Amino acid sequence: MDFIKGMDLSTLAEVEQCGGVFRDHGNAADAMKILQSYGMNYLRLRLWNHPYDDQGKSFGAGTCDIDVVTGLAKRAKALGIKWCLDLHYSDFWTDPGKQRVPRAWKGMTAAQLADAVYDFTKDSLQHLKDADALPSMVAVGNEITNGLLWPLGQKPNWDNIVLFLNAGIRAVREFDPSISVMLHLDAGGNNEMYRDWFDHYFAHHGADFNYMGLSYYPFWHGTMEDLRANMNDMAHRYHKDMIVAEVSTGFTLEDYKDYEKLPDEKRKGMATKPELAAKVPYEMSPEGQSKFMLDLMELLKGIDEGRGKGFMYWEPAWIPVPGSEWASPEAIAYMQEKGPGGNEWANQALFDYDGNALPALAVIRDF
């Protein structure tokens with residue numbers, strides 16, 4: 001398979017609906033086509049079960065239900081781009097800090113949850129097949145470092161974690177054996193955690209899969225050397241192909257408040273706070289972003305056993321436009337988290353705040 005130069009474009013339709021425009025050398029064009037011209041050969045799209053409140057108001061962040069995902073997948077398919085379905089098995093964001101059971105599955109036993117995972121996975125694939133938009137890869141769970149479907153599937157409850165993951169993998173395998181399966185953890189530089197996780201997974205009879213997915217954000221997940229050492233160790237221990245399933249870094253620390261048009265109390269602001277950015281050996285500039293991506297791709301190409309198969313850049317087209325936020329007020333109420341909303345990621349996109357393609361894209365294309 002070709003080296004994967006993937007992009008997660010889960011919020012793209014929302015950004016477009018909110019008025020976002022993308023340009024390459026001053027010419028407005030479809031963001032997907034621009035990214036393809038710069039080497040994008042894979043798409044990644046997250047799927048939430050029911051990202052709406054009880055009154056039907058969207059949780060935001062792309063409202064990634066099956067219809068939104070299908071629409072974006074069809075666009076990719078029309079361009080000849082393969083794609084990865086990222087199943088969260090939740091109504092909204094999941095990550096190592098939260099893995100909420102979908103509201104429709106509340107109160108289920110572990111056995112019932114496993115059945116629900118199986119059915120949801122198979123039903124989603126059937127919906128996509130009916131639309132002629134099947135993925136080439138499925139991530140069973142998103143950043144499942146601490147398990148999924150909490151509390152029953154929370155670490156250290158490995159019996160249930162493996163029960164749920166095996167149900168999802170079995171659904172994919174039975175539906176279409178040609179679809180690849182990924183298991184995806186965060187903290188790509190944390191070798192001790194990866195060893196512990198996969199040792200437990202296999203000891204509890206975890207089903208076989210094709211790709212180990214790693215998130216690597218340089219401001220959270222250690223150094224490039226940490227990532228390299230972990231991936232080389234994984235290659236030798238488990239002999240699994242690996243993809244950096246989420247990655248990004250900043251091109252500026254300049255604020256984008258004027259673009260969001262939100263009062264300060266409603267803005268979360270950029271995730272890469274200056275104190276975090278200061279720890280990263282790459283300047284938050286277009287040049288620094290370009291150098292980071294070049295170094296990442298060279299690192300992946302050099303992983304032992306040829307196991308580094310590529311990357312998927314996280315939300316390169318989530319530019320700051322009014323109306324596209326990481327969580328709507330309804331979502332914040334549902335998560336029982338403190339707001340505010342707004343865009344956390346705009347300074348890590350591969351387009352500037354005005355939607356112009358950044359130099360890192362040419363580095364990706366030419367690698």
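See the structure printed just above.
Residues numbered from 1 in each chain as written. Predicted model: local features only at pLDDT ≥ 70, side-chain atom pairs only at ≥ 80, totals over all residues. Heavy atoms only, no water.

(A) Region of the structure containing unusual backbone geometry. Geometrically, the link from Trp-150 to Pro-151 is a cis peptide bond, its omega value of 0 degrees lying close to zero. With respect to the helices and strands, the residue Pro-151 is situated in the loop between strand S6 (137-140) and helix H5 (158-175). The backbone phi angle of His-239 is positive, close to 55 degrees, even though this residue is not glycine. Structurally, the position occupied by His-239 is in the loop between helix H7 (224-238) and strand S9 (241-247). On the accessibility criterion, His-239 (42% relative accessible area) is partly exposed. One non-glycine residue, Glu-315, lies in the positive phi region at around 50 degrees. Looking at Glu-315, the relative accessible area reads 0%, which means it is buried. (Helix = DSSP H or I, 4+ residues; strand = E, 2+ residues; numbered from the N terminus. Buried < 20%, exposed > 50% of the residue type's maximum accessible area, 1.4 Å probe, protein only.)

(B) Broad picture of the pattern of salt bridges. Under the defined criterion, the tally for this structure stands at 24 salt bridges. Residue Lys-98 pairs with Asp-95 through a salt bridge whose shortest N-O separation is 2.8 Å. Across the pair, exposure class does not vary: Lys-98 and Asp-95 are buried alike. Across the salt bridge formed by Glu-174 and Arg-170, the nearest N and O atoms sit 3.7 Å from each other. Of this pair, Glu-174 and Arg-170 both sit in helix H5, separated by four residues, roughly a single helical turn. For Glu-174, a relative accessible area of 45% corresponds to the partly exposed category. Classification of Arg-170 as partly exposed rests on a relative accessible area of 40%. (Salt bridge = Lys/Arg side-chain N within 4 Å of Asp/Glu carboxyl O.)

(C) Seen up close, the side chain of Ser-124. Assignment of secondary structure puts Ser-124 in helix H4 (residues 110-130). If sequence neighbours within four positions are ignored, Ser-124 has contacts with Leu-47 and Ile-66. (Contact = heavy atoms within 4.5 Å.)

(D) Spatial organisation of the sheet that holds S9. One closed barrel holds the eight strands; their spatial order is S1-S4-S5-S6-S7-S8-S9-S10, and the pairing between them is parallel. On average, adjacent strands in this sheet sit at an angle of 25 degrees to one another, irrespective of strand direction. (Pairing = 2+ DSSP bridges. Axes fitted to C-alpha atoms, helices over the stretch in contact; angles between N-to-C directions.)

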